[in-house]
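Okay, here's what each chain looks like letter by letter:
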Amino acid sequence: SGPFSLAAAATLEQLADAVEQGRMTELVVTPEQAVQHLPVCTVVGDDLQRLRNGVLPRSMLAEMAPGLIQLCNEGQLIAVAEKCLDGSLQMKRVFN
C-alpha cells in the first residue's frame, strides 16, 4: 500500500546478492521512507515523553482526519497511530 508497487519489490535472490555484496541499504526502505505519504502530527514537550512510553497525544490528534498518522519530533519519526472513523485512536508502532 502507499507509494509501493510489486514491480519495485526485490526478489529473495536480489536480497541475498545485496547482502553478499554489502549493498543491502540500496534495497531496504527505512521506516521514514515507508510512511512519508502519511499526514504528520508534530509532538513536543510532555506529550513527546508520554508518546515514547506508548501513550498517544489524544488532544493533538483530535482534529486529524481518519487514517494512519505519523507522529514526529524535529523531523524524526517517533510513532505511527491510526485514527478510526469512529474517532478512536490506536497506536500502531513506537520507534525508540
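This text goes with the structure placed above it.
Residues numbered from 1 in each chain as written. Predicted model: local features only at pLDDT ≥ 70, side-chain atom pairs only at ≥ 80, totals over all residues. Heavy atoms only, no water.

Draft legend 1. Structural context of the environment of Gln-21. Here Gln-21 shows up in the loop between helix H1 (12-20) and helix H2 (31-34). Separated by 68 residues in sequence, Gln-21 and Leu-89 place their C-alpha atoms 43 Å apart. (Helix = DSSP H or I, 4+ residues; strand = E, 2+ residues; numbered from the N terminus.)

Draft legend 2. Layout of the pairing of strand E3 (residues 76-83). Of all eight residues in E3, six are buried; the element is thus mostly enclosed. Relative to E3, strand E2 (residues 67-73) is paired through seven bridges, and the arrangement is antiparallel. The partner of Cys-72 across the bridge, within E3, is Leu-77. As consecutive antiparallel partners, E2 and E3 are separated by two residues, and within that stretch Glu-74 has a phi angle of approximately 50 degrees, a positive value. Where E3 meets strand E4 (residues 89-94), five bridges bridge the pair, whose relative direction is antiparallel. Opposite Ala-81, over in E4, you have Met-91 as the bridge partner. Linking E3 back to E4 in an antiparallel pair, the connection comprises five residues, with Gly-87 at a positive phi of about 90 degrees. (Buried < 20%, exposed > 50% of the residue type's maximum accessible area, 1.4 Å probe, protein only. Pairing = 2+ DSSP bridges.)

Draft legend 3. View of the nonpolar core. With 14 residues, the main nonpolar core has Cys-41, Val-43, Leu-51, Leu-56, Leu-61 and Leu-71 as its most contacted residues. If sequence neighbours within four positions are ignored, Cys-41 has contacts with Met-60, Leu-61, Met-64, Ile-69, Gln-70, Leu-71 and Cys-72. (Core = buried A, V, L, I, M, F, W, Y, C linked by side-chain atoms within 4.5 Å. Contact = heavy atoms within 4.5 Å.)

Draft legend 4. Molecular detail of the sheet that holds strand E1 (residues 40-42). Sheet architecture is open: four strands sit in the order E1-E2-E3-E4, paired in mixed fashion. On the outer flanks of this sheet lie E1 and E4, each paired with one strand and no other. Across the sheet, the mean angle from the axis of one strand to that of its neighbour is 30 degrees, orientation sign disregarded. Each of E2, E3 and E4 is contacted by helix H3 (residues 45-52), which is oriented at about 80 degrees to E3, the strand it contacts most. (Axes fitted to C-alpha atoms, helices over the stretch in contact; angles between N-to-C directions.)

Honestly, it's all geometry; don't read function into it.
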